[in-house]
Amino acid sequence: MRGFLTTRATVLDWLHTLDQLGDVFFPQPMGESSFRFDKVRKHSLLAFEDFDATSTEKPFRASTCVQPPGKKLSPNNEQIFHFSKNENGEYQLTPTLDDRQRILAGVRPCDLKAIHLMDRINSDGIPDAHYLSRRQNTTIIAHDCLQPCDQHCFCDATGSLRWREGADIFLTPQPEAKLLIEALTERGEQLLADAGFTPCKNIEGRKTLAEAQRTKPFGRQFNAPLQQVIDTVSNSGESPVWDKHVERCFSCGTCNLVCPTCYCFDVQDDFNVDDPDSGQRTRSWDGCMLEAFAVVAGGHNFRPQLAARQRHRIKRKLAWLPARFGDGSFCVGCGRCGHQCTVDIDIFDIANDLLATAETKP
Amino acid sequence: MKPRIAFFDMASCEGCQLAILDCEDVFLHILDLVDIVEFREALSEKAPRFDVAFIEGSINREIDAERLRDIRARCTWLVSLGACACHGNVQARSNALSPAENLQRVYGPEACHVAQTDSQYWPLWAHTRVRAVHEVVKVDYHLRGCPVDRDEFLHLVKRLVAGSLPRFARQPVCVECKHNGNECVFEHGDTCMGQITWGGCDAICINGGYRCDGCRGLLPGVNLDSHRALLRERGLSDTDIDSRYRLFCSADVQPRGTRP
Amino acid sequence: MKPVDFDAHVLTPRMARIIEARDMTAQERFFRLQLPQPLTHRPGQFVMASILGIGEAPISISCGPRHDGQLELLVRNTGSLTHAMHQLQAGDYMGIRGPFGSGFQLSEFEGRDILFVAGGLGLAPLRSLIEPVVGEPQRFGRVTLISGCRTPADELYREQMQAWAKRPNVHVIRLVTDTDHLPWGGEVGLVTAPIAKLEMDVANTLAVLCGPPVMYKFVIMELAARGLPNAQIFIDLERRMRCGIGKCGHCQINHVTCCQEGPVFRFSDLESLPEALT
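At the interface, seven residues of chain C touch seven residues of chain B. Taken together, the residues that form the side of chain C that touches chain B break down as three nonpolar, four polar and no charged.

Structure, rendered in structure tokens:
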């Protein structure tokens, strides 16, 4: 596949022109210090992070978006189908499949891996038509990170920092505010065909240059190799660690709802007030840390203890789903759950604590 | 026959009834589904019996409690409408004060002496306690918030009309706040009660750049000790924290130290 | 990503016409539905049943496999959706998706003695297996059904249980925990009580359990006391479900997705799932 070299500004201008193909999304500043993965509009101010130390001005840094890019593929309050009655009094049900073209740009490796994992989940067994319809009409432009985005980052420890699969185009930061642009798929190749970027003859050399600039060690590191973390979490049954990390928990579900690999949903029906024979079914993001998550009709709660819900969340990320799919950790190390938790409960600390207790056992 | 619904106001600002009148885009369609038989903000008709009674406001006097018991006896479903009815709202803050202390705060040092002797003041201020509706009669559903959320109101009406039952998720404001992808209030240095407050409002205040002050009341079983500790870490004194907790949630907040 | 084939209607129900609806008890309503195409289900599977505009929930199929496109469901009034379902009449429509779940493989039961233990509404899903088993006596061994409920007024499928009991090689024990001053021809006690006295060829017996979570532990203790190995015990579990296709996450028990690998499990497979019988 071909590669190009051009300035960040040129790429941003190019992204603005892609909206004729479909909605383009890119991280954009929100509030005081946060980012929202939002639709690019005519006057949106887009920026790539400054990675090179040569810049004289205060470098522009961006943390992860509050909601990960992958959520654009399974949006909250997503319509599943709508219904109405025809003139013969029969119900007509139409599944809502979104097959509009869209471009997710500015996706970090951690979020890219998360999208790959959601592809696996939604293709597994009985495929989820609504996700796949969106996904198969989505182009992903991802970029490398040469510095951890914030102090919560541990993507290197979970094996996502060097993730490339799923990206159609991959950008690697270069000195002098430039970017190396590589097409990784046919779709990416087509998109770049008319972009008019300068071809790059020495792709590997450029990558080596970027690698030399990468912060080492990159972000937080577990106290053991990833496989040992997964093995330890897999073998952790009852443990005081679970209780310790819920002492301050509000059971508010934030850790689930910002996680790029949490995909649980609840379903709601509604009918239209002006025509009660018509309406729709939608689904919204749910979280296993919420108290009512495992409550069945009649009121029995299969997971009433907070510590059991915490264990369920952590084991899904670091034990059960890795074992089921063989694609490594389902925690991609983006750091969102620890960052967004107001009482600093962090899957990274929980994993390290489990490692520590496992070591002290005979 | 269409279900008959009625609205009654107790001690309140009647803002919740106005919030419901604010459904004007769909209000005529609602009238296709139900008959509104009593609604002081919009109607003068009075009815003896009804299927759904919406009670707005807190119960401040025994005469209100008697009126409420009468309404309960005349309806099938009784719904607490808004923060005053659900947990007392701002007026229940007076529960933490003696009546004389309360008067003094509101009307100055002279007033408390007036109140002791002047019978004009007596009925209004001599109540022992501001009560939520469920402290007086059985309540079937709570529509929370100051004011209520119109979508929750519509959901309740539609569900009851359809022969189903309304479903209100028991989850904190954080859930909808995260659904909306907001920046956490704590992220920009302020403090928020979203973690411990009943959701269902679509996190409207945080969406608008403010914080959650808990107008929908405390979510049952929340980790209040942890929340208090968090607010302390963020520099709030216990007095500040009590003040925050009492702004809307007064009727539900237990005195400190009573939690096991 | 590589393109994946999908069924666009995977989360969209088919409409089934209710051809019979009646209250079986004060809490349970029986429905017979006519589907546009036969469901071709296995015993022990479930459907996602819905009222459009109100909601959807997992409901066990309570009839044996059939080819005429009919489907029987027994719905307990426990929530907003089932409350509305209790008002549906013949001629109304229900949305149906499925069948979902592993269910029972009839071949596994061939030639074996089968002990069914049903608590309350647990009889409904078990009926999907009892019907075919009782219908082909030459194919299966001795059938014992222990069915318990709270009071005589709560008993489900009474006439059918009485009819099963008249068949050769079928033994039915009906229990209530409280006669509630009503006439009662069965026994009084818990479903665990008869197990100790049962005639049982342990090596050739398979036990099938369905009931409230609290029942399993005690029934299993009784079966263990009789020496029945865990691999010969099947349990039909209940969980919250929102999709039926292993995506919504609600029914996950440890690493197992109940709507896919379950809801029927061998007890020996549940031993490694600490949350299964809580």
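Right, let's get into the pairing of strand E8 (residues 143-149) of chain C. Residues and elements named next belong to chain C. Burial analysis of E8 places seven of its seven residues in the buried class, the great majority of the element. Residue alternation in E8 divides its side chains into two sets, Val143, Leu145, Ser147 and Cys149 and Thr144, Ile146 and Gly148, and both sets are buried. In terms of handedness, the path from strand E7 (residues 113-119) via helix H2 (residues 123-135) over to E8 forms a crossover that is right-handed. Pairing of E8 with strand E9 (residues 170-176) involves seven bridges; the strand directions are parallel.

Moving on, we get to the pairing of strand E4 (residues 75-81) of chain B. All names here are of chain B. Among the seven residues of E4, five are classified as buried, and the element is accordingly described as predominantly covered. Note that strand E3 (residues 50-56) and E4 share six bridges and pair parallel. Directly across from Phe54, in E4, lies its bridge partner Val79. A crossover connection joins E3 to the parallel E4 through helix H3 (residues 62-73); in handedness this β-α-β unit is right-handed. When E4 meets strand E5 (residues 141-143), the two strands line up parallel, connected through three bridges. Residue Leu81 lies in a different strand from E5, and its bridge partner there is Leu143.

All names here are of chain B. A sheet is described by the order of its strands in space; here five strands give the open sequence E2-E1-E3-E4-E5, paired in parallel fashion. Single-partner strands in this sheet number two, and they are strand E2 (35-38) and E5. Going across the sheet, the axis of each strand differs from the next one's by a mean of 30°, ignoring polarity.

Bringing unusual backbone geometry into the picture now. Along the chain, A:Lys216 connects to A:Pro217 via a cis peptide bond; the corresponding omega equals -5°. Its place among the elements puts A:Pro217 in the loop between helix H5 (203-213) and helix H6 (226-234). Of note, the bond from C:Gly98 into C:Pro99 is cis; its omega dihedral lies within 30 degrees of zero at 5°. With respect to the helices, strands and loops of the structure, C:Pro99 is situated in strand E6 (residues 93-100). Although it is not a glycine, C:Asn169 sits at a positive phi angle of roughly 70°. The topology assignment puts C:Asn169 in the loop between helix H3 (158-165) and E9.

Here the focus is the environment of B:Glu101. Residues and elements named next belong to chain B. For Glu101, the position within the fold is in helix H5 (residues 99-107). Under the C-beta neighbour-count criterion, Glu101 is labelled exposed, with 12 such atoms within 10 Å. Separated by 91 residues in sequence, Glu101 and Met10 place their C-alpha atoms 24 Å apart.

Our next topic: the packing of H6(A) against helix H9 (residues 306-325) of chain A. Residue and element names in this part refer to chain A. Contact pair H6 / H9: the axes reach a minimum separation of 9 Å and the direction vectors enclose 105°. On the basis of their axis angle, the class for H6 and H9 is roughly perpendicular. In contact with Val229, Ile230, Val233 and Ser234 of H6, H9 contributes Ile314, Lys315, Leu318, Ala319, Pro322 and Ala323. The residue inventory of the contact of H6 with H9, partitioned by class, reads eight nonpolar, one polar and one charged.

Attention now moves to the nonpolar core. It is characteristic of soluble globular proteins that their nonpolar side chains tend to be buried jointly. Counting residues in hydrophobic clusters, the biggest one holds 192 residues, and the most contacted among them are C:Phe116, C:Ala207 and C:Leu209. Counting residues in each nonpolar core, the second largest holds 39 residues, with B:Val79, B:Leu81, B:Leu143 and B:Val157 among its members.

Reading the values: the criteria
- Residues numbered from 1 in each chain as written.
- Chains lettered and ligands numbered in written order.
- Predicted model: local features only at pLDDT ≥ 70, side-chain atom pairs only at ≥ 80, totals over all residues.
- Contact = placed C-beta atoms within 7 Å.
- Nonpolar A, V, L, I, M, F, W, Y, C, P; charged D, E, K, R; others polar.
- Buried ≥ 20, exposed ≤ 12 C-beta atoms within 10 Å, placed from the backbone.
- Helix = DSSP H or I, 4+ residues; strand = E, 2+ residues; numbered from the N terminus.
- Right-handed = clockwise from strand over helix to strand, strands pointing away.
- Pairing = 2+ DSSP bridges.
- Axes fitted to C-alpha atoms, helices over the stretch in contact; angles between N-to-C directions.
- Parallel < 35°, antiparallel > 145°, perpendicular 65-115°, else oblique.
- Core = buried A, V, L, I, M, F, W, Y, C linked by C-beta atoms within 7 Å.

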